[in-house]
Amino acid sequence: MAAAEGAGGRESLWALLGRTPLSLRIGAAILIVHIVLAATGPFWIPYGYSQMGAGMPLAPASLAHPFGIDQLGRDVFSRVMYGGHIVLILSLSGTALGLVAGSLIGLWSGYVGGLLDSLVQRLLEVLISVPFLVMALLAMVAAGPELSGNPFLVVLVVALVYAPRIARMARSAAIEIATRDFVTIARLRGESAWSVMRRELLPNATSVLLVEFALRAGYAPVLVGSLGFLGFGLRPPTPEWGLMIAENRSLLLIAPATVLGPGLALASLVVGLNLFTEGLARILGRTVKLGVQQ
């Protein structure tokens, strides 16, 4: 009897996996690999991320140094593995902060409506009209040189870039949910706007916000990497992947592995996040456009 139940449980598990979109499974597998490497990498890398003398400068890729040696004699593979948790923390923290801020603004704006909603939406439209990277660079410049290279500033900039777009999606969800009977009943009971947002709007907008978070998180590593590549992100010798690409770009013809290593790491993370987002959107019955930032 127990064996039959165990077989039934296995069949149910396989049936569940069979119904899961392939993109979600592939994306989840890639993300799991990245998370495991990011969590364990700093403990098993053969060399310190800033350790010089790991090998002959500009040595090509080998079994001992899969991504070669940079011009300062540092092992690029060790730097890439160490930098994984930095990229993930900056990207996910910034996106999460943007989700919180954008959700609060959007749900409140959509619920209260009227003149305040119109004013908020005009402000959001102005912010959304500015391209991602331009807004991020403007925010970095406005923060001043004193905060340049501060990881908290990078997180805040990512949140600033994504919050207006998340707010628009949250507002749309709030407007649709606000017309339902349970929201009307909550209003008749005399509940405050904050209570209605917390108890009625937010739980019913979770699927929208979850997909929006996953979508923005898929682009966040590119934004963080772009800031590092342009010299507005973290400071050397921090092994952030965009910064590493910028540091080694002059070596592209001499030692291509030094650029290929962080480039492949960044590309695979973005692909994994996008595939996961697409599969998640299918499960939740929503559609997303991957490859184009909106």
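Nothing here was measured: the structure is a model prediction, and the numbers come from that model. (Residues numbered from 1 in each chain as written. Predicted model: local features only at pLDDT ≥ 70, side-chain atom pairs only at ≥ 80, totals over all residues. Heavy atoms only, no water.)

**Side note on the pattern of salt bridges**
Next, step 1: Inspection of every chain in the model, using the stated rule, returns 9 salt bridges.
Next, step 2: In this structure, the salt-bridge partner of Glu 247 is Arg 74, at a minimum N-O distance of 3.8 Å. You can see Glu 247 sitting in helix H10 (residues 241-248) and its partner Arg 74 sitting in the loop between helix H2 (22-44) and helix H3 (76-112), a full 173 residues away along the chain. Of the two residues examined, Glu 247 and Arg 74, each falls in the buried class. (Salt bridge = Lys/Arg side-chain N within 4 Å of Asp/Glu carboxyl O. Helix = DSSP H or I, 4+ residues; strand = E, 2+ residues; numbered from the N terminus. Buried < 20%, exposed > 50% of the residue type's maximum accessible area, 1.4 Å probe, protein only.)

**As for a nonpolar patch on the surface**
Next, step 1: Together, Trp 108, Val 112, Leu 115, Leu 116 and Leu 119 make up an exposed nonpolar region whose accessible area comes to about 480 Å².
Next, step 2: When contributions to the nonpolar patch are tallied by element, the ones reaching two or more residues are H3 and helix H4 (114-129).
Next, step 3: A per-element tally of the nonpolar patch places H4 first, with 3 residues.
Next, step 4: Examined against the element boundaries, Leu 116 turns out to sit in helix H4. (Patch = residues over 30% accessible without salt bridge, like charges linked within 9 Å, V, L, I, M, F, W, Y side chains within 5 Å. Areas by Shrake-Rupley, 256 points an atom, 1.4 Å probe, with all protein chains shown as cover.)

**A word on the side chain of Asp 70**
Next, step 1: Looking at the secondary structure, you find Asp 70 in the loop between H2 and H3.
Next, step 2: Only 2.8 Å separates the side chain of Asp 70 from the backbone nitrogen of Arg 74, close enough to count as a polar contact.
Next, step 3: Setting aside residues up to four positions removed in sequence, Asp 70 forms contacts with Pro 57, Leu 58, Val 76, Arg 79, Asn 248 and Thr 258. (Polar contact = N/O pair within 3.5 Å; in protein donor to acceptor, adjacent residues only side chain to side chain. Contact = heavy atoms within 4.5 Å.)

**Observations concerning the confidence of the model for the protein**
Next, step 1: Of the residues in the protein, 90% reach a pLDDT of 70 or more, and the chain-wide mean stands at 88.
Next, step 2: The least confident element of the protein is helix H1 (residues 2-19), whose mean pLDDT is 51; the most confident is H3, at 95.
Next, step 3: Contacts of residues 1-11 to residues separated by more than four positions or lying in other chains number 0 contacts, the stretch itself having pLDDT below 50. (pLDDT = per-residue confidence, 0-100.)

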